[in-house]
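Structural overview
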Amino acid sequence: MKFTTGILKGVICVNLAKLKNKISFFSVQTESVQAEKGKNSNPSAFMAIVRKEFTDYIRSWRILILGVIILLACIGSLYTAITSISDAIDQAGKEAETLGSDLYLFLQLFTVSDGTLPSFITFVGFLGPLFGIALGFDSINSERNRGTLSRLLSQPIPRDYLINAKFVAALLLNVLLFFSLGLLVMAFGILILGIPPTFEEFLRIFFFLCLCIVYIAFWLNLGILFSVVFKSQATSALSSIAVWIFFNVFYSMIINLVSKSLLNPEKLTSVSEVLNKQGTVLTLMRFSPNYLFSESTTILLSPNVRSLGPLTVEQTVGAVAGPLPLSQSLLLIWPQLTGLVAATLICFAIAYLSFMRQEIRTN
Amino acid sequence: MNQTVIQLDQVSKQYDDQFAVKDLSLTISKGEIFGLLGPNGAGKTTTILMLLGLSEPTSGSVTVCGIDSVRRPIEVKRRVGYLPDNIGFYQNMTGLENLVYTAELNNLPKKQARERAEYLLEKVNLTDAAYKKTGKYSRGMKQRLGLADVLMKNPEVIILDEPTLGIDPEGVRELLKMIQELGKEEGMTVLLSSHHLHQVQQICDRVGLFVKGHLIAEGNVQTLAEQLFDSATLRITVHASPITPELIRRLQELEQVEQVQVVKSGLEITCYEDISAMISKTIVEMGSALTHISQKNFGLDEIYHRYFEGRDLRESS
């Protein structure tokens, strides 16, 4: 009970943060709209920028290379997942279809690996941010350095069209890439394993893909933010990658260090204290978007995981061990999801604001 | 002809505690070619950005085509074409594609955009390079493409920031001719900024001289010279040998002479009237051989140069 209220509190807090952020975001927009009264909305120009940016992305070498790497990683992880799953089916000796729906075998396509290659979610968690950063890190400062920014902004378009269109184009590419990848993996899974996904499994995968997109959008927005703040493309690329490496590698190390002293068995006296300290460590971990992402994917793709924190014996008493339904899984990761969305929006809002206030001159 | 197109009224722009532009008032009428002159950092680009509404003035009002640039920048930008000083194009797109993209941002239908782009590319002699990536364009070609780009939206006013920067003399001549022709043909108002004065002198109807955020003089080249120096406006160059201190002294004693300067090839004499006859007579009387004598009116270069020379003197004294 205590645990669920905790979650609810978390939901409310994060929701509030998100809402606030949204409000400030929209008020900026209305400001800019008010500043430029009249019939200035110009959707066709906006679409023109989106189209051009999208074409640029799919023609650029770095996106092509990253796309190919992600594709190869997917094929690799799919291969190992399929071999380990078919081994499991062979061993069980039951009919594949019933086994599949019992064990959520189809979802394991994304999570299982035999140890030689990481699983699909590990790859996405690792390469996704890199992809987001590659899409975003030079969006504004490259225009500035090429001298196209002042030319572009002297056209009759509101200034925010540029940054919005860039974001939309990058997000569109993300959605396309990850949905096609996810659907491809599903298709190959059906073809090779012969297990069709249940509707719930399909929904879980759908939510997982949406989560991937939100997660990548966070890194994309971080890249855009740095591209607004830093004048040089190299600086913004390196700082975005530095943030990424920090959260990927060092943050968990630091938390481990902290938790070692916090969870020192000699100092802990009661169970509630252990739980308390454990909770603190978890909260600290959750400041990292990587951790939020990995928690959410675990819950979404492994329905048998029933909780993200420690469970006491009292809490598990009487609980029937079984997979969680989708709605409960979603409820469990709701704070994580809203947190991720909020972080994404905050990054974009800061980037948006500072871009609107920036001087346009090239030198 | 006397319809006001650009009006700046007591405009100031402050960066931190420094004024980039201070109390600038300027009026430009329709069909005029106006030259904004001044050294680097004089506030020319800032003024231009304020005209376009890309930068907000700290105080004062800016009106272009009767529209307030601060309140309704988008409508201003619909009527004004702007060529930035460091113009860049999307390098992986061809010249034609770049122009069509600009047209799309201006809501021109696709077919019309293409026709206009081709027409303008022909005007600026880039038809051969229309399908070449702009990354491979030379500086001069980029500048000409920039001119075409500015004209894509069929503007009432075009603003060119340092259009002649970094182009070879032949290219400059061509570009200026184009600007002049286009300005006349389409009845457009042209505002161009530069620090290459004699180039501006060739095509501008009126010139404003900008120093440290102040407009210190405006008018055509003649009146500009008069405003700045009520006195000496003529320079006579003399080649003679030998040049003795005595000769210089004698020349300086002449009534109409303001200043005598020794340069590498001979003497430069600044004076109020054309007294070349008297100078040559003096030189011959002094027993020197006169090999060359010529005179010229002050061009903007001289005005400019002399203004800053004079300023240094005035400031130090």
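Everything quoted here is computed from the prediction, not taken from an experiment.

For chain A, the helix and strand inventory stands at 15 helices and zero strands. The contacts in chain A between residues at least 6 apart in sequence include a share of 85% that link residues at least 24 apart.

Each helix and strand counted, chain B has eleven helices and 14 strands in total. Evaluated residue by residue, chain B yields a buried proportion of 43% over its 317 residues. For chain B, the proportion of contacts with a sequence separation of at least 24, taken over those separated by at least 6, is 67%.

Our next topic: the sheet that holds strand E8 (residues 189-194) of chain B. Residues and elements named next belong to chain B. The six strands lie next to each other as E6-E7-E8-E3-E9-E10, forming an open sheet whose pairing is mixed. Two strands in the sheet have a free side with no partner beyond their single neighbour: strand E6 (80-83) and strand E10 (214-219). Along the sheet, successive strands turn relative to each other by an average axial angle of 15 degrees, direction set aside. Relative to strand E9 (residues 206-211), strand E3 (residues 33-37) runs parallel, the two sharing four bridges. Bridging across to E9, Phe34 finds its partner in Arg206. Contacting E6 and strand E7 (157-161), helix H5 (residues 139-151) crosses the sheet at an angle of about 165 degrees to E6.

On to the interface of chain B and chain A, then. The partner chain A presents 25 residues to the 26 residues of chain B that form the contact. If you list the elements that add at least two residues to the side of chain B that touches chain A, you get helix H1 (44-51), helix H2 (73-79) and helix H3 (95-105) of chain B. With five residues, H2(B) is the single largest residue contributor to the side of chain B that touches chain A. The residue makeup of the side of chain B that touches chain A, split by class, is twelve nonpolar, eight polar and six charged.

So, on to the nonpolar core. Formed by 151 residues in total, the largest nonpolar core has its most connected members in B:Ala148 and B:Val157. A total of 17 residues in this core trace back to one element, the largest contributor, which is helix H10 (residues 199-229) of chain A. Each residue touching B:Ala148, except ones within four places of it in the same chain, is listed here: B:Leu99, B:Leu120, B:Leu121, B:Lys123, B:Val124 and B:Leu126. Ranked by size, the runner-up nonpolar core spans twelve residues in total, among them B:Ile236, B:Val238, B:Ile269 and B:Ile283.

What follows covers the packing of helix H9 (residues 160-193) of chain A against H10(A). Residues and elements named next belong to chain A. Across the interface, H9 lies against H10 with an axial gap of 9 Å and an inter-helix angle of 145 degrees. Here H9 runs over H10; the crossing is right-handed. Mapping the contact onto sequence places Ile163, Lys166, Phe167, Ala170, Leu171, Asn174, Val175, Phe178, Phe179, Gly182 and Met186 in H9 and Ile205, Leu209, Cys212, Ile213, Ile216, Ala217, Leu220 and Ile224 in H10. Its residues assigned to classes, the contact of H9 with H10 shows 16 nonpolar, two polar and one charged.

This part covers the pairing of E9(B). Residue and element names in this part refer to chain B. As judged from the five bridges shared by E9 and E10, these two strands associate in the antiparallel manner. Within E10, the position partnered with Val211 by the bridge is His214. Connecting E9 to the next strand, E10, in antiparallel fashion are two residues, including Lys212 with a positive phi near 45 degrees.

Time to look at the domain arrangement of chain B. Many authors give the size of an interface as the accessible area that is lost as the parts come together. As assigned here, chain B comprises domain 1 (4-224) and domain 2 (230-297). If you average the C-alpha positions of domain 1 of chain B and of domain 2 of chain B, the two centres end up 42 Å apart.

Now for the packing of helix H2 (residues 43-59) of chain A against H9(A). Residue and element names in this part refer to chain A. Between H2 and H9, the least distance of the axes is 8 Å, while the angle of their chain directions is 50 degrees. Relative to H9, the element H2 lies oblique. Between H2 and H9 lies a crossing of right-handed hand. Of the residues in H9, those in contact with Ala45, Phe46, Ile49, Val50, Glu53, Phe54, Tyr57 and Ile58 of H2 are Tyr161, Leu162, Ala165, Lys166, Val168, Ala169, Ala170, Leu172 and Leu173.

A few words now on H3(B). Since one α-helical turn is 3.6 residues long, residues separated by three or four positions face the same way. Within H3(B), ten of the eleven residues are buried, which leaves it mostly tucked inside the rest of the structure. When we look at burial in H3(B), the residues that qualify are B:Gly95, B:Leu96, B:Asn98, B:Leu99, B:Val100, B:Tyr101, B:Thr102, B:Ala103, B:Glu104 and B:Leu105. Buried residues in H3(B) make contact with H2 of chain A together with helix H4 (110-123) and H5 of chain B. Directly beyond the C-terminal end of H3(B), a positive phi value near 65 degrees is found at B:Asn107.

Another point: unusual backbone geometry. All names here are of chain B. Positive phi, close to 50 degrees, is recorded for Cys65, a residue that is not glycine. Structurally, Cys65 is set in the loop between strand E4 (59-64) and strand E5 (67-68). Among the residues examined, Cys65 registers 20 C-beta atoms within 10 Å and is labelled buried. Phi is positive for Asn107, which is not a glycine, with a value near 65 degrees. Mapped onto the elements, Asn107 comes out in the loop between H3 and H4.

This brings us to the sheet that holds E4(B). Strand order in the open sheet formed by four strands is E2-E1-E4-E5 (chain B), with antiparallel pairing between adjacent strands. Edge positions in the sheet fall to strand E2 (18-29) and E5 of chain B, since each has one partner strand and no second.

Turning our eyes to something else, we now look at the environment of A:Thr235. Residues and elements named next belong to chain A. Examined against the element boundaries, Thr235 turns out to sit in helix H11 (residues 233-262). A count of 15 C-beta atoms within 10 Å places Thr235 in the partly exposed class. It is 40 Å that separates the C-alpha atoms of Thr235 and Gln108, two residues lying 127 residues apart in sequence.

So, about the pairing of E3(B). Residue and element names in this part refer to chain B. Within E3, five of the five residues are buried, which leaves it mostly tucked inside the rest of the structure. Of the two faces of E3, both are covered, the one formed by Ile33, Gly35 and Leu37 as well as the one formed by Phe34 and Leu36. Bridge count between E3 and E8: five bridges; the pairing is parallel. For Gly35, the partnering residue across the bridge sits in E8 and is Leu192.

All names here are of chain B. Looking at chain B as a whole, its pLDDT mean stands at 83, while 90% of the residues score no less than 70. Mean pLDDT per element in chain B: helix H11 (residues 300-316) is the minimum at 58, and H3 is the maximum at 93. Considering only residues more than four positions removed or in separate chains, one finds that residues 313-317, a stretch of pLDDT under 50, has zero contacts. Model confidence for the complex: the whole-complex pTM is 0.80, and ipTM, which rates the interface, is 0.77.

Residues and elements named next belong to chain A. Following the sequence through the fold, Ala342 ends up in helix H15 (residues 326-357). With 21 C-beta atoms packed within 10 Å, Ala342 lands in the buried category. For the pair Ala342 and Glu314, spaced 28 residues apart in the sequence, the C-alpha separation amounts to 34 Å.

Thresholds, definitions, all that
- Every chain is numbered on its own, with residues counted from 1 as its sequence reads.
- All chains are assigned letters beginning with A, and all ligands numbers beginning with 1, in the order in which they are written.
- Given that the model is predicted, a residue must reach a pLDDT of at least 70 before its local features are reported, and side-chain atom pairs must reach 80 or more before they are shown or counted; all residues, however, enter totals for whole chains, interfaces and linings.
- Strands here are runs of E lasting at least two residues and helices are runs of H or I lasting at least four, both read from the DSSP assignment and numbered beginning at the N terminus.
- Residues are defined as contacting one another if the C-beta atoms placed from their backbone atoms lie within 7 Å.
- As a rule, residues whose C-beta atom has 12 or fewer other C-beta atoms within 10 Å are exposed, those with 20 or more are buried, and those in between are partly exposed; C-beta atoms are placed from the backbone.
- Should DSSP find at least two bridges between two strands, the strands are taken to pair.
- Lines are fitted to the C-alpha atoms to define the axes, a helix being fitted only along its stretch in contact, and any angle between axes, read from their N-to-C directions, falls within 0 to 180 degrees.
- Each residue gets one of three labels, nonpolar for Ala, Val, Leu, Ile, Met, Phe, Trp, Tyr, Cys and Pro, charged for Asp, Glu, Lys and Arg, and polar for the others, Gly among them.
- For this analysis, nonpolar core means a set of buried Ala, Val, Leu, Ile, Met, Phe, Trp, Tyr and Cys residues linked through C-beta atoms within 7 Å.
- Note on convention: near helix rotated counterclockwise from far helix by under a right angle means a left-handed crossing. Clockwise means right-handed.
- Either an automatic procedure or a domain database provided the assignment from which the domain bounds are taken.
- Our angle categories are set so that under 35 degrees counts as roughly parallel, over 145 as roughly antiparallel, 65 to 115 as roughly perpendicular, and the remainder as oblique.
- pLDDT is a residue-level measure of predictor confidence that goes from 0 to 100.

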